[in-house]
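Spelled out, the chains give:
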Amino acid sequence: MRASDVHSRWQLDSDDWQQHPAYIAAGWRMALAGAVYEQRTARGWSKADLAEAAGLTEDQAEDIECSGVDPTPDILQALGHAFRADVLFATAGPEPGVRFIAHDGHDGPHHQAA
């Protein structure tokens, strides 16, 4: 079963639900998904192109964009290599943020999939 096939509803007893570890983790997964989608589509890549460039399966690429994958060091390294970029985590704002910063010092896409 892929993450895109699952729907869930959370019920938390606390009024401070935004500080719940599961909520925070979901925010990071969503931030990663958005950053990957932005980079992939800006390059005109399919999910198959992304998977090939990052050394992932197409199902893994799909799961990342569906917020089903935690931003682990292995995943971040594979994506950074594919996008020829460093990964920046924005932690100061109210929501988690993930950006890919191109190695040449400019944001955004600079090459096509192999």
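Draft legend 1. Structural view of the nonpolar core. Formed by 22 residues in total, the largest nonpolar core has its most connected members in Leu-32, Val-36, Ile-64, Leu-79, Phe-83 and Phe-100. Mapped onto this core, the elements with two or more residues apiece are helix H1 (21-42), helix H2 (47-54), helix H3 (58-65), helix H4 (73-83) and strand S2 (97-102). It is H4 that contributes the most residues to this core, six residues altogether. Apart from residues no more than four positions distant in its own chain, Val-36 is found in contact with Leu-50, Ile-64, Glu-65, Leu-79, Phe-83 and Phe-100.

Draft legend 2. Structural view of the pattern of salt bridges. Under the counting rule described, the total for this entry stands at three salt bridges. Across the pair Asp-70 and Arg-29 runs a salt bridge, and its minimum N-O distance is 2.9 Å. Highlighted residues: Asp-70 in the loop between H3 and H4 and Arg-29 in helix H1, separated in sequence by 41 residues. Given the relative accessible area of 40%, Asp-70 is considered partly exposed. Arg-40 is the partner of Glu-65 in a salt bridge, and the nearest nitrogen-oxygen pair spans 2.5 Å. Remark: Arg-40 occurs in helix H1 and Glu-65 occurs in helix H3; sequence separation between them is 25 residues.

Draft legend 3. Representation of the packing of aromatic side chains. Using the criterion set out here, one finds three aromatic pairs in the structure. Taken together, the ring pairs in this structure connect Trp-45, Phe-83 and Phe-100 into an aromatic cluster. The ring of Trp-45 is capped by Arg-43, whose NZ or CZ atom sits 5.5 Å from the centre of that ring.

Draft legend 4. Representation of the pairing of S2. As paired strands, strand S1 (residues 85-90) and S2 are joined by six bridges and run antiparallel to one another. Across the sheet, the residue bridging to Ala-90 is Gly-97, located in S2. Counted along the chain from S1 to the antiparallel partner S2, the turn is six residues long.

Draft legend 5. Representation of unusual backbone geometry in the model. Here Ser-67, not a glycine, exhibits a phi torsion of approximately 60°, which is positive. With respect to the helices and strands, the residue Ser-67 is situated in the loop between H3 and H4. Among the residues examined, Ser-67 registers a relative accessible area of 23% and is labelled partly exposed.

Draft legend 6. Looking closely at the confidence of the model for the protein. Of the residues in the protein, 75% have a pLDDT of 70 or more, and the chain-wide mean is 83. Here S1 stands out as the element of the protein with the lowest mean pLDDT, 91, in contrast to H2, whose mean of 97 is the highest. The low-confidence segment residues 106-114, where pLDDT is below 50, has 23 contacts with residues more than four positions distant or belonging to other chains.

Calculation criteria
- Residue positions are given per chain, counting from 1 as you read along its sequence in written order.
- Totals for whole chains, interfaces and linings use every residue, but because this is a predicted model, local features are given only for residues with pLDDT of at least 70 and side-chain atom pairs only at 80 or more, for both listing and counting.
- Excluded from the side-chain calculation are hydrogens and water; included are all heavy atoms of the structure.
- Working definition of a nonpolar core: buried Ala, Val, Leu, Ile, Met, Phe, Trp, Tyr and Cys residues. They are joined through side-chain atoms within 4.5 Å.
- Each residue is placed in one exposure class: buried if its accessible area under a 1.4 Å probe, protein chains only, is under 20% of its type's maximum, exposed if it is over 50%, and partly exposed if it falls in between.
- Numbered from the N terminus, helices here are DSSP runs of H or I no shorter than four residues, and strands are runs of E no shorter than two.
- What makes two residues a contact is simply this: any of their non-hydrogen atoms within 4.5 Å.
- Each salt bridge in this description consists of a side-chain nitrogen of Lys or Arg and a carboxyl oxygen of Asp or Glu lying within 4 Å of one another.
- Stacked, edge-to-face and tilted are the three classes for Phe, Tyr and Trp ring pairs, Trp counted by its six-membered ring, which pair at centre distances within 6.5 Å; planes under 30 degrees apart are stacked, over 60 edge-to-face, the rest tilted.
- Counting as a charge over the ring demands two things of the Lys NZ or Arg CZ atom: a distance within 6 Å of the ring centre and an angle within 35 degrees of the ring normal.
- Strands were regarded as paired on the criterion that DSSP finds at least two bridges between them.
- Per-residue confidence from the prediction method is given by pLDDT, with values spanning 0 to 100.

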